[in-house]
Amino acid sequence: MELNIHYDNLWSESLAKFNQNEFNIDPLIESTSDLRRGITLLVRPNNKVKRLISEFIEELKHIDPNQYYYPSTDIHVTVMSIISCYQGFDINAIDISKYIDQITDSLQTTLRDNITFKGITASSSCIMLKGFTKNNSLDTTRMNLRSNFKKTTLEHSIDTRYKIRTAHATIVRFKSEITDPKEFIKVLQKYRDVDFGSFEIDTYELVYNDWYQTKKNTKVLYKFEI
């Protein structure tokens, strides 16, 4: 219930801005000069869920094709941003095996969980799916990661930007002015409480990534089977 209240508060605040045509535009989307990189632990929905998400995205594209819509290959839920993206990060300067060891240890007590995407929420810069876990093992994993990395001297930036506590997936980012805000909002309202389905978390991926998790700039470093 607390998580849903959080999502709903985000939606209310963002909708008020959207109705005033206040969208936070990201000028770096698809920019070749954006060299921010980092490493992330994430999970990905299955194909059935991604198909339902794609139907929603196609409706938004029909209204405004000029925004940044995540392709199905890039849709994910961030478990933890281990090293938040920054310009100058060099993957060869860290020992990935030590990161794998810490994550493996953090996942020792992790049970398989399910994430259900039920409805949408937003911020001034993006549209997100509201994600809900079944047994809260995601929270346990995050606590373990925080505790274990805190004990090391490994480079990390866990919780430095914000303390992640949701299972949302970002699917749209604004890269230009919305051509028809009223119609765009109408489609958002249509999908406000739509059930996009559930998927089982049976694999965690450690990836080297850019800010938007684009496939061309993402490299899977290790997969952890649960």
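Residues numbered from 1 in each chain as written. Predicted model: local features only at pLDDT ≥ 70, side-chain atom pairs only at ≥ 80, totals over all residues. Heavy atoms only, no water.

A. Layout of the sheet that holds strand S8 (residues 203-209). Spatial strand order, S3-S1-S8-S9: 4 strands in an open sheet with antiparallel pairing. At either margin of the open sheet sits one strand with a lone partner, and together these are strand S3 (77-87) and strand S9 (219-225). Averaged over neighbouring strand pairs, the angle between their axes works out to 10° when direction is ignored. In this structure, strand S1 (residues 36-43) lies alongside S8, joined through 5 bridges in antiparallel fashion. For Leu41, the partnering residue across the bridge sits in S8 and is Leu206. Of the strands in this sheet, S1, S3, S8 and S9 touch helix H3 (residues 96-106), which is tilted by about 30° from S9. The strands touched by helix H4 (residues 137-150) are S1, S3 and S8; relative to S3, the strand with the most contacts, the crossing angle is about 40°. (Pairing = 2+ DSSP bridges. Helix = DSSP H or I, 4+ residues; strand = E, 2+ residues; numbered from the N terminus. Axes fitted to C-alpha atoms, helices over the stretch in contact; angles between N-to-C directions. Contact = heavy atoms within 4.5 Å.)

B. Quick look at unusual backbone geometry. Even without a glycine there, the phi angle at Asn21 is positive, about 60°. Topologically, Asn21 is positioned in the loop between helix H1 (2-18) and S1. Look at Asn21 and you get partly exposed, because its relative accessible area is 45%. (Buried < 20%, exposed > 50% of the residue type's maximum accessible area, 1.4 Å probe, protein only.)

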